[in-house]
Amino acid sequence: MIAPPTGLGPHRPLRVHVIGNSAAVMVEPEHGPRDGGVYGEQLVGLLAARGTPCVVTCSGTWMSRINEHLPRYEGDVRNHFPDVLVINFGMLEAQPAVVPLALARHILTWRRTSRVGAGRYRTHVVPPLWRQLRRYQRWASGHDGGRTHRLSPRRFAADLHRLIDMTRKDCGSLVLVLDIDPPGDRVEHWLPTTAARVEQYNAVLDAVTSSYDDHVRFVRAGATVTDPDADLPDGLHRSVAAHGVTAALLADEICRWLGA
């Protein structure tokens, strides 16, 4: 059993690292003040107010899956030497694979180029193409019957185990696994059955974390989404206030661990 770190203070702030998909790095509809962004940003002030200085880093990536971070484990996790690792995956993995992920990423990317003609391509070609694909995706998702996933529940569980095992062995971190927020109406409209899939993958997250001791914990932040329109303005990403609620839950778990 590895104990929480001792000697924390100005010369040894707590190191918290977040790894996940866009739920960990995006805020809607817009960023607040410098300490009013995603939960990782807000966690710094909350822990400081409780007498625990901390440094928060993040390897969150838009439209990413857990299996894509495992090959980059050294850079994405281990080399940050986290005392606390926050894991936030599941929404993309749970989605039906009715449109190739590479194509969806290409259409929805914000990594735009300044090459000649790229602007016209993004303005005149991509929008009508996406409208057609989105209609097909909605139809296909409703008829998929749960047969396809961006990452199957079995692989999702295996990769989560692998990430937790390596982090516990290499860093002795407290591992906090966030659940998947319930999707808003907009997401359920364009990706039917998403709510049921989220329940399935949350059960996987619960089962995996329950197989460890108290140094691996399942944080049920999704239960705090009481007003989806306000908490998830785009149906998927939290508002500043909702991120603050998640940050408070994480702060509670960290302080309970430090005081154990």
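Everything here concerns the structure above.
Residues numbered from 1 in each chain as written. Predicted model: local features only at pLDDT ≥ 70, side-chain atom pairs only at ≥ 80, totals over all residues. Heavy atoms only, no water.

Chemist: Would you explain unusual backbone geometry in this entry?
Modeler: Residues apart from glycine generally show negative phi values, whereas peptide bonds are mostly found in trans. A cis amide bond links E28 with the next residue in sequence, P29, at an omega value of 0°. Inspection of the secondary structure puts P29 in the loop between β1 (14–20) and α1 (39–49). Positive phi, normally seen in glycine, also occurs at M63, with a value near 55°. The residue M63 is located in the loop between β2 (54–58) and α2 (66–69) in this model. Even without being a glycine, T193 presents a positive backbone phi close to 75°. (Helix = DSSP H or I, 4+ residues; strand = E, 2+ residues; numbered from the N terminus.)

Chemist: Help me understand helix α5 (residues 101–108) in this model?
Modeler: Owing to its 3.6 residues per turn, the α-helix aligns residues three or four sequence positions apart on the same side. Listing the buried residues of α5 in full gives L101, A104 and I107. Around the axis of α5, the buried residues are gathered within 130° of arc, so they sit on the same side. Against the buried residues of α5 lie α4 (91–94) and α6 (118–143). (Buried < 20%, exposed > 50% of the residue type's maximum accessible area, 1.4 Å probe, protein only. Arc of directions from axis to C-beta. Contact = heavy atoms within 4.5 Å.)

Chemist: How should the sheet that holds β2 be read in this particular structure?
Modeler: Whenever strands of a sheet pair, they do so through backbone hydrogen bonds, lying parallel or antiparallel. Sheet architecture is open: five strands sit in the order β2-β1-β3-β4-β5, paired in parallel fashion. The sheet is open, and its two edges are formed by β2 and β5 (216–219), each paired on a single side. Strand after strand, the sheet turns through a mean of 20° between neighbouring axes, direction not considered. Note: β1 against β2, five bridges, orientation parallel. Looking at β2, one finds that H17 is bridged to T57. Across the sheet, helix α11 (residues 240–258) lies against β1, β3 (84–88), β4 (174–178) and β5, angled at about 155° from β4, the strand it touches most. (Pairing = 2+ DSSP bridges. Axes fitted to C-alpha atoms, helices over the stretch in contact; angles between N-to-C directions.)

Chemist: Would you mind showing me how to read the pairing of β3 here?
Modeler: Moving residue by residue along a regular strand, the side chains alternate between the two faces of the sheet. Counting buried positions along β3 yields five of five residues, so the element is predominantly enclosed. Going residue by residue along β3, you find V84, V86 and N88 tucked away on one face and L85 and I87 tucked away on the opposite face as well. By the bridge criterion, five bridges tie β1 to β3 in an arrangement that is parallel. Pairing of I19 across the sheet is with I87, part of β3. Direction of pairing for β3 relative to β4: parallel, over a ladder of four bridges. From the neighbouring strand, V84 faces β4, where its bridge partner is L174.

Chemist: Could you clarify how one ought to interpret the nonpolar core in this entry?
Modeler: One recurring pattern in soluble globular proteins is that nonpolar side chains are buried together. With 27 residues, the main nonpolar core has I87, F156, L163 and I164 as its most contacted residues. The set of elements that each furnish at least two residues to this core consists of β3, α4, α7 (153–171), β4, α9 (194–210) and β5. No other element matches α7, which puts six residues into this core. Contacts of I87, omitting those with residues within four sequence positions, involve I19, L160, L163, I164, V175, L176, V177 and L178. Of all hydrophobic cores here, the second largest spans 20 residues; its members include L14, V18, Y39 and W257. (Core = buried A, V, L, I, M, F, W, Y, C linked by side-chain atoms within 4.5 Å.)

Chemist: Would you mind showing me how to read the pattern of salt bridges here?
Modeler: Any two side chains of opposite charge can pair, given that their charged atoms come close. Inspection of the entire model under this criterion finds 13 salt bridges. Where R105 meets E68, a salt bridge forms, and the shortest distance between an N and an O atom there is 2.8 Å. Note that R105 is positioned in helix α5 and E68 in helix α2, a separation of 37 residues in sequence. The network of salt bridges with common partners includes D214, R217, E253 and R256. (Salt bridge = Lys/Arg side-chain N within 4 Å of Asp/Glu carboxyl O.)

Chemist: Explain the packing of aromatic side chains to me, please; I cannot follow it from the model alone.
Modeler: What describes a pair of aromatic rings is the distance from one ring centre to the other and the angle between the planes of the rings. Using the criterion set out here, one finds two aromatic pairs in the structure. When the ring of Y136 is compared with that of W139, the centres are 6.3 Å apart and the planes differ by 35°; the resulting orientation is tilted. Highlighted residues: Y136 and W139, both in helix α6, separated by three residues, approximately one helical turn. Ring plane angle 40° and centroid distance 5.4 Å describe the contact between F156 and Y201, whose orientation is recorded as tilted. Here the residue F156 occupies a position in helix α7, and Y201 occupies one in helix α9, the gap between them amounting to 45 residues. As far as the burial class goes, F156 and Y201 line up, both buried. R134 extends its terminal NZ or CZ atom over the ring of W190, reaching a point 4.2 Å from the ring centre. (Phe/Tyr/Trp six-rings, centres within 6.5 Å; stacked < 30°, edge-to-face > 60°. Lys NZ or Arg CZ within 6 Å of the ring centre and 35° of its normal.)

Chemist: Mind showing me how you'd approach the side chain of D83 here?
Modeler: Note on placement: D83 falls in the loop between α3 (73–76) and β3. In this structure the side chain of D83 is engaged in a polar contact, spanning 2.9 Å, whose partner is the side chain of R12. (Polar contact = N/O pair within 3.5 Å; in protein donor to acceptor, adjacent residues only side chain to side chain.)

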